Every structure is written in structure tokens, then in C-alpha cells.
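A look at the structure
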Amino acid sequence: MSYKETLSGLKPQVKSLNGAIGDTAQGFGMIAKSLHGDTALTHKQKELIALGIAVAIRCEPCILFHTEALIRMGTTREEIAETLAVCVEMGGGPGVMYGSKALAAFDELSAA
């Protein structure tokens, strides 16, 4: 299955869960929304950190959602790659394996 298909399949699942856990989902959404602005870090920098954490904890759905957000922000492949290099530094072999998934997801999801 492609990353686009995987992401498309995840979105209705997340929506269904959010409907089932109303207040919890709303609270989580408020946390995420509070990080959208540019303060000490830009929104893009925060999303790059989130991608790095997603790689480190090996959460493929998280990788896809944060990669999609970064593409919407105009993030370059080089910015993604440099973030993934830090993941490799900090995570060793698993950083390489999940970093390669993140870069492949970026390439597929950013293709026109």
C-alpha cells in the first residue's frame, strides 16, 4: 500500500476515534492548535521536531501526518533530510530505518 493510500485510510479512522472520545480529542486538538503559531520556534520548526519524535518512537502514522503538514508549509526535501540526519544521530539503526520511511513518505506525498 502506498503512503497516500495509508494516509487516506487513517484519516477516517482518526475521525471515528475522535468522535468516540469527544472531550479527550478536543483537549488533544487544543494542545496541537496551541503550537501552530510562531513564537520562540516557528511552526515549521515545531513540526520538524514532531517528525523527529515520530521517527524516534517509530510511529508510522505520526510520520505521515507530520510529513503532510510539513509539505503544506513548503518544507524542502533538504530540511526533511537534515531533520532525519539528527534522528540517525540520536537513534542509530532504528533512526535509519524509520528515517528512510519518512523520506520515502515525503517523496511520495509531495509528488504532484
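In this report, the structure presented in the accompanying data block is examined. (Residues numbered from 1 in each chain as written. Predicted model: local features only at pLDDT ≥ 70, side-chain atom pairs only at ≥ 80, totals over all residues. Heavy atoms only, no water.)

**Things to note about the nonpolar core**
For the record, the criterion: Nonpolar cores are built from buried Ala, Val, Leu, Ile, Met, Phe, Trp, Tyr and Cys residues. Side-chain atoms within 4.5 Å join them into one set. When a residue's accessible area, from a 1.4 Å probe over protein chains only, is under 20% of the maximum for its type it is buried; when over 50% it is exposed; and in between it is partly exposed. In this text, helices come from DSSP runs of H or I with a minimum length of four residues, and strands from runs of E with a minimum of two, each type numbered from the N-terminal end. We call two residues in contact when some of their heavy atoms are within 4.5 Å.
Residues Leu48, Leu51, Ala54, Val55, Ile63, Leu70, Ile80, Leu84, Cys87, Ala102 and Phe106 constitute the largest nonpolar core, which totals 11 residues. Breaking this core down by element, the ones donating at least two residues are α3 (43-56), α4 (60-72) and α5 (77-110). Ignoring sequence-local partners within four residues, the contact set of Leu84 consists of Val55, Gly99, Ala102 and Leu103. The next biggest cluster of nonpolar side chains, apart from the first, holds six residues, and it includes Tyr3, Leu7, Leu10 and Leu64.

**Examining unusual backbone geometry**
Phi at Arg58 is positive, roughly 60°, even though this residue is not glycine. Structurally, Arg58 can be placed in the loop between α3 and α4.

**Some remarks on the state of the cysteines**
The cut-off we apply is this: Cysteine sulfur atoms that pair up within 2.5 Å are treated as a disulfide.
Scanning all chains against the criterion turns up one disulfide. Each disulfide pairs two cysteine sulfurs, and for Cys59 the partner residue is Cys62, the sulfurs being separated by 2.3 Å. Looking down the S-S bond of the Cys59 and Cys62 bridge, the torsion is 65°, so its handedness is right-handed. By relative accessible area, Cys62 is classed as partly exposed at 28%. No disulfide involves Cys87; its sulfur sits 13 Å from the nearest other cysteine sulfur, which is in Cys62.

**Observations regarding the environment of Glu108**
Position of Glu108 among the secondary structure elements: in helix α5. Residue classification places Glu108 among the partly exposed positions, given a relative accessible area of 22%. Once the C-alpha coordinates of Glu108 and Arg72 are considered, the two residues, 36 residues apart in sequence, prove to be 14 Å apart. Apart from residues lying up to four places away in sequence, Glu108 is in contact with Ser2, Tyr3 and Lys4.

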